[in-house]
Amino acid sequence: MLTQEENGAMAASLDELKAYLRIARDDEDGVLTDLLRGAAALCEQFVGQWLIVRAARETVAAGAGWQRLMATPVVSIVSMAAVDAGGVETVLPVDAYAIDIDAAGDGWVRVTRGGDWRGLIVRYRAGMAVDMDGLPEALRQGIVRLAAEHFMARGTESAAPPAVVSALWRPYRRMRLS
């Protein structure tokens, strides 16, 4: 199970979207901000990576085999804790586990010292950039264009996202085979 901390950072700016739509007034800012967040979430699903760095908490199986973390790209693995049969969480000492972040940004963890644990709780940070300025321009442009498309298509159910959005995002897409 993966949970993430919402850090409030946006993947594209409200000013960018308003400039793209040629909107000067402020009365639609709430709607536009929500559309940007939704477009960023769709972008993350499409590319298979978190855009803005934020904290994650994930429960993985306890064992000597390597376990891959779900969110990518992993920036740092902060801590690991074992959960016993009673649900009690105990922070593991550094010498009781091994961690690795590979060149692709996948995070890996495993236990090096045995115990009777039901699972491991891994706390880590993942994301492509600290803020929107660190994201590739194509990702930001796609987010702005998708948010603009949703804004202009309000009230119509037949609106389809423009093909240019997936063309902008495709080079950053990471897919996993099960």
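Going along each chain's sequence as written, the residues are numbered from 1 onward. Predicted model: local features are reported for residues with pLDDT of at least 70 only, side-chain atom pairs are reported and counted for 80 or more only, and whole-chain, interface and lining totals are derived from all residues. Computation of side-chain values: all heavy atoms of the structure, hydrogens and water removed.

J.: Can you tell me about the pattern of salt bridges, naming the residues and giving the values?
T.: Side chains bearing opposite charge may pair, as long as their charged atoms lie close to each other. When a carboxyl oxygen of Asp or Glu is within 4 Å of a side-chain nitrogen of Lys or Arg, the pair counts as a salt bridge. All chains considered together, the criterion is met by 13 salt bridges. Lys18 is the partner of Asp26 in a salt bridge, and the nearest nitrogen-oxygen pair spans 2.8 Å. Here Arg113 makes a salt bridge to Asp95, at a shortest N to O gap of 2.4 Å. Taken together, the residues span a long stretch of sequence, with Arg113 in the loop between β7 (107-111) and β8 (119-126) and Asp95 in the loop between β5 (89-91) and β6 (97-101) at a distance of 18 residues. Only protein chains enter the accessibility calculation, which uses a 1.4 Å probe; a residue whose area is less than 20% of its type maximum is buried, one above 50% is exposed, and one in between is partly exposed. With relative accessibility at 39%, the residue Arg113 sits in the partly exposed group. A run of H or I in DSSP becomes a helix once it reaches four residues, and a run of E becomes a strand once it reaches two; helices and strands are each numbered from the N terminus.

J.: Talk me through the nonpolar core; I want residue IDs and the actual numbers.
T.: Buried Ala, Val, Leu, Ile, Met, Phe, Trp, Tyr and Cys residues form a nonpolar core when they are joined through side-chain atoms within 4.5 Å. Of all hydrophobic cores here, the largest spans 29 residues; its most connected members are Leu17, Leu51, Ile143 and Trp169. For this core, the elements supplying multiple residues, two or more each, are α1 (14-21), α2 (29-47), α3 (137-152) and α4 (163-169). Leave out the neighbours within four places in its chain, and Leu17 touches Leu32, Leu36, Val144, Ala147 and Ala148. Counting 18 residues, the second largest nonpolar core, distinct from the first, contains Val60, Met80, Tyr97 and Leu120. Here, two residues are considered to be in contact whenever any of their heavy atoms come within 4.5 Å of each other.

J.: Mind laying out the sheet that holds β7, listing which residues take part and the relevant values?
T.: Here the rule is simple: two strands pair whenever DSSP picks up at least two bridges between them. Judged by pairing direction, the sheet is antiparallel, and its three strands sit side by side in the order β3-β7-β6 without closing on themselves. The open sheet is flanked by β3 (67-68) and β6, the only strands paired with a single partner. Sheet analysis places β6 next to β7, joined by five bridges and oriented antiparallel. Within the sheet, the bridge partner assigned to Asp100 lies in β7 and is Trp108.

J.: Could you give me a rundown of the sheet that holds strand β1 (residues 2-4), with the residues and numbers involved?
T.: Taken together, five strands build an open sheet; the order of strands is β1-β2-β8-β4-β5 and the sheet is antiparallel. Since the sheet does not close on itself, it has two edges, and those belong to β1 and β5, each with one partner. Averaged over all adjacent pairs, the angle separating strand axes in this sheet is 25°, with direction ignored. Here three bridges tie β1 to strand β2 (residues 54-60), and the two strands are oriented antiparallel to one another. Among the inter-strand pairings, Thr3 is bridged to a residue of β2, identified as Arg57. Here, axes are lines fitted to C-alpha atoms. For helices the fit covers the stretch in contact, and angles between N-to-C directions go from 0 to 180 degrees.

J.: Describe the side chain of Thr33, listing the residues and the values that go with them.
T.: Within the secondary structure, Thr33 is located in helix α2. With relative accessibility at 18%, the residue Thr33 sits in the buried group. Leaving out residues up to four positions away in the same chain, Thr33 has contacts with Met10 and Leu14.

J.: Tell me about the pairing of β8, residues and numbers included.
T.: Within a regular strand, side chains alternate between the sheet's two faces. Of all eight residues in β8, six are buried; the element is thus mostly enclosed. One ladder, built from seven bridges, connects β2 with β8; its direction is antiparallel. Paired with Ala55 across the strands is Arg125, a residue of β8. Pairing analysis gives eight bridges linking strand β4 (residues 74-83) to β8, with the strands arranged antiparallel. Residue pairing in the sheet places Ala82 in a bridge with Leu120 of β8.

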